[in-house]
Amino acid sequence: MGAETPKQFLELDGVPIVVLSLRRIASCELVTDIIVATRGDGIAKLEDAIRGEKFSQKVRVVKGGDTRQESVSAALKEVAADTELVLVHDAVRPFVKKEQIVRVIEEARKHNAAILGIPAMDTVKEVKRASLPEDVALITATIPRERVVLAQTPQVFKTKLLKDAFARAEADGVSASDEAGLIERLGLEVFVVLGSERNIKITKPADMELAKFYLEREQASAGGAGSGATSGKGRAAK
């Protein structure tokens, strides 16, 4: 992001992005407990931000690691063995809808593993970069778009399955960019539920501009819902 403040603590309309993301996950009554992993120097700041919220579920903050996999692993160690499902969500995806959260949970209940994802709209090229300038790559293949989806979160898994996948990855020294990748390497199926282009992951300065636009549109829509409209910070769960 190029900012001094970690991106999850950057604010939209005066609220840290991570808190906005927590509100979305907490709005789903199927979620019963929330564990947030962050770097050690961010624990106190995050706990302070959460303290001002009125979540009905218990929210715990634990020390994460330098990678997503290390952070999720730290949080996973706090999940009770009798928990049915574990939902993993990016701290910087504050626009996921409650209906999408419910839908991916339902699919994981039926098939053990499910994620949100959207179809690729652009032509996808496989490339190699060896011995080339930093801004140049050589195309090696064109991948049919109908075979490609862009993975989003939440990603939801049966608890034992996810814990087993993490244990196997640790034993084998394997790192993956998302949890679904760890399930896939075991030869197991992961189902994709249609997500949304609005469910963006805020990683670049341009994403902040888009996020501000989406938030303004949501606020305008809520303001036009009439005097009977209500708002709330929702609930959270496991």
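Residues numbered from 1 in each chain as written. Predicted model: local features only at pLDDT ≥ 70, side-chain atom pairs only at ≥ 80, totals over all residues. Heavy atoms only, no water.

Caption draft 1: Examining the packing of aromatic side chains more closely. By the definition in use, this model includes two aromatic pairs. For the ring pair Phe-213 and Tyr-214, a centre distance of 6.0 Å and an interplane angle of 50° mean the geometry is tilted. Taken together, the ring pairs connect Phe-95, Phe-213 and Tyr-214 into an aromatic cluster. (Phe/Tyr/Trp six-rings, centres within 6.5 Å; stacked < 30°, edge-to-face > 60°.)

Caption draft 2: The sheet that holds strand S5 (residues 85-88), seen in detail. Reading across the sheet, the four strands line up as S5-S9-S6-S10 and stay open at both edges, with mixed pairing between neighbours. The strands lining the two open edges of the sheet, one partner per strand, are S5 and strand S10 (191-194). Taken pair by pair, the neighbouring strands of this sheet meet at an average axis angle of 30°, ignoring direction. Pairing of S5 with strand S9 (residues 149-158) involves four bridges; the strand directions are antiparallel. What sits directly across from Val-86, in S9, is Phe-157. (Pairing = 2+ DSSP bridges. Helix = DSSP H or I, 4+ residues; strand = E, 2+ residues; numbered from the N terminus. Axes fitted to C-alpha atoms, helices over the stretch in contact; angles between N-to-C directions.)

Caption draft 3: Just the pattern of salt bridges, in detail. Summed over all chains, the structure comprises 18 salt bridges. As a salt-bridge pair, Arg-23 and Glu-53 come within 2.9 Å of each other at their nearest N and O atoms. One end of the pair, Arg-23, is in helix H1 (residues 17-26); the other, Glu-53, is in the loop between helix H2 (43-51) and strand S4 (58-63), and 30 residues separate them in sequence. Glu-53 gets classed as buried once you look at its relative accessible area, which sits at 12%. The network of salt bridges with shared partners includes Arg-68, Asp-90, Arg-93 and Glu-179. (Salt bridge = Lys/Arg side-chain N within 4 Å of Asp/Glu carboxyl O. Buried < 20%, exposed > 50% of the residue type's maximum accessible area, 1.4 Å probe, protein only.)

Caption draft 4: Examining the packing of helix H3 (residues 68-76) against helix H5 (residues 159-172) more closely. Across the interface, H3 lies against H5 with an axial gap of 11 Å and an inter-helix angle of 130°. Accordingly, the angle class assigned to the pair H3 and H5 is oblique. Between H3 and H5 lies a crossing whose hand is left-handed. Residues Gln-69, Val-72, Ser-73 and Leu-76 of H3 touch H5, and the partners they reach there are Leu-162, Lys-163, Phe-166 and Ala-169. Looking at the contact of H3 with H5 residue by residue, the class counts come to five nonpolar, two polar and one charged. (Parallel < 35°, antiparallel > 145°, perpendicular 65-115°, else oblique. Left-handed = near helix turned anticlockwise from the far one by under 90°. Contact = heavy atoms within 4.5 Å. Nonpolar A, V, L, I, M, F, W, Y, C, P; charged D, E, K, R; others polar.)

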